[in-house]
Amino acid sequence: MPARRDHRPRLPDLRTVWLAVAAWAGALAGAGHGWSLPVAGGVGLATGAALVWRRHRSGAGLALAAGLLVYSAAATVAASHSLHTKHNPLSLLARQRESVTVTGTVRDDPRRIRGRFGEEVLVSVQSQVVLVAGRAIGLREPLLVFAPPSWQTVALGSTVRASGHLAVASGDDVAAVLSTEEPPDIRAGPGPWWRASAQVRAALRASVSELPPDRRALVPALVDGDDAGLDPDLTDDFRTTGLTHLLAVSGTNLTLVVGFAVMVARWLGVRGRWLYVVGAAGIAGFVLVARAEPSVLRAAAMGAVALLGMASGGADRGTRALGVATVALLLLDPALATAVGFGLSVLATAGILLLAPVWRDALARWLPRAVAEAVAVPAAAQLACTPLVAAISGQVSLVAVAANLLAAPAVGPATVLGLAGGIVTLAWAPAGRVLGWAAGWCVAWVIWVAERGAGLPSAAVAWGTGPLALIVLSATCVALAVAAPHLLGRRSTGVACCGLLVVAALVRVPTPGWPPDGWLMVACDVGQGDGLVLNTGVGHDAVVVDAGPDPRPMKACLDGLDIRTVALVVLTHFHADHVDGLPGVLAGRRVGRVWVTRLQDPPEGVSLVRRALAAAGVPVSVAPYAQTCRVGDITLEPVWPLPSSPTVGPGDGSTANNASVVLVARIAGVRFLLSGDIEPEGQEQIAAALPGLRVDVLKVPHHGSRYQDLPFLRSLHARLALISVGAGNDYGQPAAETVAGLAATGARVLRTDQEGSIAVVERDGRLATVTRGGS
């Protein structure tokens, strides 16, 4: 009688995965801890390995000994890298805040950011020569340059010279930070490799130049990660639907491009080892187009692993390659241990290799195999990445699997057609534009999926980023990974699971206890900025004061409060951390009107607000000084700035801060002072104009910075002092002396970086707070 075949899935070879875990642990232990933690961990592992090896001399002992070796190597490399970054001649000069002239090579594309006081450009540079006090020193160290917008056009690979002041870097990835106000002094252009890459990328953009704006920006993003010009709202939709990986260079891009090259080679009759040559050439071409930056090389490594896993016998081969690639990359660059992009790449690849085959086989019992694979691959990758995505975004997407499944048929053709369009454009532009037009039609479907998915009531649900919340989410993901084959293997339970996901996305998920009954005002957790919501008491209506630095958390806060209309938006001043989140207020809500300050500065913030309000058709006016206005249950009185204040500023931060709209609000008998970012000069004038002012709740000015008129703030006798501030910000906010000064009056001081969103509630005549999402 023949033996029965065992249909249970065989566990892949996880030995190199164990080594990757050991390398990751060693890199984390060594980074930022000098030698003490790696040595202690190494001694502990060495003792355990010796005992196991001596007692058993078994495979387990060998595995433990190998893990110890890899852990020790990664910890040593990470510790030496960390110590070198913090203790080298350039970092020493930074601690002394020296004025220097640096000559170096641009390592990454210049990135435009909106600083607190205007537009800036971040440029990553590898120094070659540093000139200090008339003495030239040869130093090859990475540094970050904060430069004016004229640096935006500096090409990757160029040799530049810049003069400015050094400052200490906050992380271990660069030795120092250089601030310069000078235009770029380009000493040499990029080399042949960079020039060839730039030509292909320029040709790719030319091939899609006649497409609508969103399609024109998305095709290069899919092919080579060039997302310049992509609409921020569309980027938010991609993030909500779990499609963000399409906007960056990832292993998926390489898999599609190289997979297509291998498919064409097979069609042409190429077989055997020559297919590996074609694959290697495809990888080299991908790196050429996307450029040999660290993120591209990581994507190439992970994409190659995925291709191995897709090959015959790929289960073991793929996991072994994943482990080896992870160990090698961590030893070459231990800073990857804390790089979010690298973590997501490794987790997604691990999900595809370890979970997707088992899930596919389970689904294939009642679905066509092609459909089963199409569902299993994005679902496995998404589940593996969910805890890390929640940690960095504070939300869990409920539509990611469906969105990836729907978008997948168009992503491959769009990527390949876009790349082909760029290459063909170099030889014959009209033919290249035809291919670009075809790629544009493919990405139109992807855009439709992202926009419709993000518009669902519960496309994403908020999730805490504290340790307990992430442990619970990770445990849930592990449980789902184990249970999924059993649930998906039968038609009834498989359909039920899919139906449950659809219902969860279509019906708004209730948050128990939020919004709390009797809430008057909520200080939204919007990061390093202000975003306040006042309850008008009229249906689902509110007044919003400032919108934070990012549309996503502001939109999430309003959605969580079930705010559907906004009678009034008050933008206290035009700094980015107060106005850049305005699209999140406008999205999907009817807004009645907007008040702004008199000072039209900085111009970047003014322009952003004007464009957003013009597109939404919302009227805007200057906040009416000293006029009492009633909006539902809210009484508002703007008490600053004065009608005689200037409308044009010098562009410095303090002038704009001191022009903040300051409001005295009354809701249900509770008085609030909403103070924007007003600094001591303005605070003194308000104190003189409103002697004896008393309030119940103070929104502490300027995120609790040390620049305060503490006697004035103490004279308010507030019972609650709310500080809207981002965790781990670079400004040292809130200042300890400000917090202590307010607490000394008996006020209860609460911070959004610790408590999350803070609701002020009135219950039975008593003032209380309810918080949500704190760490």
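If you're wondering where the values come from, they're calculated on a predicted model, not measured in any experiment.

Would you mind showing me how to read the overall build of the protein here?
For the protein, the count of helices and strands is 26 helices and 25 strands. Split into buried and exposed, the 775 residues of the protein put 48% on the buried side. Looking at the protein alone, contacts between residues at least 24 apart form 69% of all its contacts between residues at least 6 apart. Summed over all atoms, the accessible surface of the protein reaches about 35100 Å², with 62% contributed by carbon and sulfur.

What is the right way to read the sheet that holds strand β22 (residues 720–723) from this model?
Pairing between sheet strands relies on hydrogen bonds along the backbone, with the strands arranged either parallel or antiparallel. Pairing is mixed in the open sheet, where seven strands are placed in the order β17-β18-β19-β20-β21-β22-β23. The two strands at the open ends of the sheet, each matched to only one other strand, are β17 (629–631) and β23 (748–751). Averaged over neighbouring strand pairs, the angle between their axes works out to 20° when direction is ignored. Examined bridge by bridge, β17 and strand β18 (residues 634–640) share three bridges and lie antiparallel to one another. If you follow C629 over to β18, its bridge partner there is L636. Across the face of the sheet, helix α25 (residues 736–743) comes into contact with β21 (697–699), β22 and β23 while running at roughly 145° to β23.

Explain the packing of helix α7 (residues 232–240) against helix α15 (residues 429–454) here, please?
Packed helices, taken two at a time, are described by the angle between their axes plus the distance between the axes. The geometry of α7 relative to α15 is characterised by a closest axis approach of 8 Å and an angle of 75° between their N-to-C directions. In terms of orientation, α7 lies roughly perpendicular with respect to α15. Of the residues in α15, those touching α7 at L234, D237, F238 and T240 are V446, I447, A450, E451 and A454. Residue classes in the contact of α7 with α15 are distributed as six nonpolar, one polar and two charged.

Sorry if this is basic, but what is going on with α25 here?
Every α-helical turn comprises 3.6 residues, leaving residues that sit three or four positions apart pointing alike. When we look at burial in α25, the residues that qualify are T738, G741 and L742. Looking down the long axis of α25, one finds its buried residues gathered within 95° of arc, a one-sided arrangement. Lining the buried residues of α25 we find β21, α24 (710–715), β22 and β23.

Honestly, a nonpolar patch on the surface in this entry has me stumped. Any pointers?
Residues L406, W445 and W448 make up a contiguous nonpolar surface patch of about 300 Å² in total accessible area. For W448, the location among the structural elements is in helix α15. Assessed through its relative accessible area of 40%, W448 is described here as partly exposed.

Which parts of the structure should I look at to understand the state of the cysteines?
Put plainly, a disulfide is one covalent bond tying together the sulfur atoms of two cysteines. For the structure on display, the rule yields one disulfide. A sulfur-sulfur distance of 2.1 Å marks the disulfide that ties C524 to C557. Disulfide C524-C557: the torsion about the S-S bond is -70°, which places it as left-handed. Highlighted residues: C524 in the loop between β11 (519–523) and β12 (532–535) and C557 in helix α18 (residues 551–560), separated in sequence by 33 residues. Overall, C524 belongs to the buried group, its relative accessible area being 0%.

Is there a simple way to explain the side chain of T597 in this structure?
Mapped onto the secondary structure, T597 falls in the loop between β15 (590–596) and α21 (603–616). A distance of 2.5 Å separates a polar side-chain atom of T597 from the backbone oxygen of A659.

Would you mind going over the nonpolar core with me for this structure?
As a rule of thumb, nonpolar side chains are buried together in soluble globular proteins. Residues V533, M554, V569, L582 and V585 are the most contacted members of the largest nonpolar core, which totals 34 residues. Elements that contribute at least two residues to this core include exactly β11, β13 (541–545), α18, β14 (565–571), α20 (582–586), β15, α21 and β24 (756–763). Element by element, the count of residues in this core is highest for α21, at five residues. When near neighbours in sequence (up to four residues on either side) are disregarded, V533 contacts W519, L520, M521, V522, C524, A542, V543, M554, L558, L561 and I563.

What am I meant to see in the environment of G617 here?
Assignment of secondary structure puts G617 in the loop between α21 and β16 (620–622). Distance from G617 to V591, taken between C-alpha atoms, is 9.1 Å for residues 26 residues apart in sequence.

I'm lost on the confidence of the model for the protein in this one. Help?
A low pLDDT means the predicted coordinates there should not be read in detail. For the protein, the mean per-residue pLDDT works out to 82, and 86% of the residues sit at or above 70. The weakest mean pLDDT in the protein belongs to helix α2 (residues 36–56) at 50; the strongest belongs to β12 at 96. Throughout residues 1–7 the model reports pLDDT below 50, and contacts reaching past four residues in sequence, or to other chains, amount to zero contacts. Counted against residues more than four places away or in other chains, residues 34–38, with its pLDDT under 50, gives 13 contacts.

Would you take a moment to explain the pairing of strand β7 (residues 176–179) for this structure?
Regular strands place side chains that alternate from one sheet face to the opposite one. Alignment of strand β5 (residues 142–147) against β7, held across four bridges, turns out to be parallel. Residue L143 lies in a different strand from β7, and its bridge partner there is A176. Of the pairings in the sheet, the one linking strand β6 (residues 159–167) to β7 comprises three bridges and is antiparallel in character. Across the sheet, the residue bridging to A167 is V177, located in β7.

Please clarify how the pattern of salt bridges should be interpreted in this entry.
Two side chains carrying opposite charge are able to pair once their charged atoms lie near each other. As enumerated under the stated definition, the model contains 12 salt bridges in all. The salt bridge partner of D559 is K555, with a shortest N-O separation of 2.9 Å. Of the two residues, D559 and K555 are both situated in helix α18; the distance of four residues between them amounts to about one turn of the helix. Owing to a relative accessible area of 22%, D559 belongs among the partly exposed residues under this scheme. In this structure K555 comes out as partly exposed when scored by relative accessible area, which is 29%. Between R589 and D559 there is a salt bridge whose closest N-O contact spans 2.9 Å. On the criterion of sequence distance, the pair formed by R589 in the loop between α20 and β15 and D559 in helix α18 is long-range, its members being 30 residues apart.

How should the packing of aromatic side chains be read in this particular structure?
Each pair of aromatic rings is reported with the distance of its centres and the angle of its planes. Counted according to the given criterion, the structure contains three aromatic pairs. Relative to F342, the ring of W24 has its centre 5.2 Å away and its plane inclined at 35°; by these criteria the two rings are tilted. Of this pair, W24 sits in helix α1 (residues 15–30) while F342 sits in helix α12 (residues 340–363), placing them 318 residues apart in sequence. Comparing W24 with F342 shows no difference in burial state: the two are buried.

What's the story with helix α23 (residues 680–689) in this structure? I'm lost.
Among all positions in α23, only P680, G682, Q683 and I686 are buried. For α23, the angular spread of buried residues about the axis comes to 160°, placing them on one side. Those residues of α23 that are exposed and angled more than 90 degrees off the buried face are A688 and A689. Buried residues belonging to α23 abut β18, α22 (653–658), β19 (662–667) and α24.

Sorry, what's going on with the environment of A265 here?
Within the fold, A265 resides in helix α8 (residues 251–267). Taking relative accessible area as the criterion, A265 reaches 5% and is therefore assigned buried. Setting aside residues up to four positions removed in sequence, A265 forms contacts with V270, L275 and V278.

Sorry if this is basic, but what is going on with the environment of A431 here?
Along the chain, A431 turns up in helix α15. For the pair A431 and A420, spaced 11 residues apart in sequence, the C-alpha to C-alpha distance is 9.9 Å.

Help me understand the pairing of β14 in this model?
Most of β14 is tucked away: five of the seven residues are buried. The pairing of β13 with β14 spans five bridges and is classified as parallel. When the bridges of β14 are listed, A542 appears paired with V566. In this region the chain leaves β13, passes through α18 and returns to the parallel neighbour β14; the handedness of that crossover is right-handed. As paired strands, β14 and β15 are joined by six bridges and run parallel to one another. Bridge assignment links T565 to a residue of β15, and that residue is R590.

The rules behind the values
Residues numbered from 1 in each chain as written. Predicted model: local features only at pLDDT ≥ 70, side-chain atom pairs only at ≥ 80, totals over all residues. Heavy atoms only, no water. Helix = DSSP H or I, 4+ residues; strand = E, 2+ residues; numbered from the N terminus. Buried < 20%, exposed > 50% of the residue type's maximum accessible area, 1.4 Å probe, protein only. Contact = heavy atoms within 4.5 Å. Areas by Shrake-Rupley, 256 points an atom, 1.4 Å probe, with all protein chains shown as cover. Pairing = 2+ DSSP bridges. Axes fitted to C-alpha atoms, helices over the stretch in contact; angles between N-to-C directions. Parallel < 35°, antiparallel > 145°, perpendicular 65-115°, else oblique. Nonpolar A, V, L, I, M, F, W, Y, C, P; charged D, E, K, R; others polar. Arc of directions from axis to C-beta. Patch = residues over 30% accessible without salt bridge, like charges linked within 9 Å, V, L, I, M, F, W, Y side chains within 5 Å. Salt bridge = Lys/Arg side-chain N within 4 Å of Asp/Glu carboxyl O. Disulfide = S-S within 2.5 Å. Polar contact = N/O pair within 3.5 Å; in protein donor to acceptor, adjacent residues only side chain to side chain. Core = buried A, V, L, I, M, F, W, Y, C linked by side-chain atoms within 4.5 Å. pLDDT = per-residue confidence, 0-100. Phe/Tyr/Trp six-rings, centres within 6.5 Å; stacked < 30°, edge-to-face > 60°. Right-handed = clockwise from strand over helix to strand, strands pointing away.

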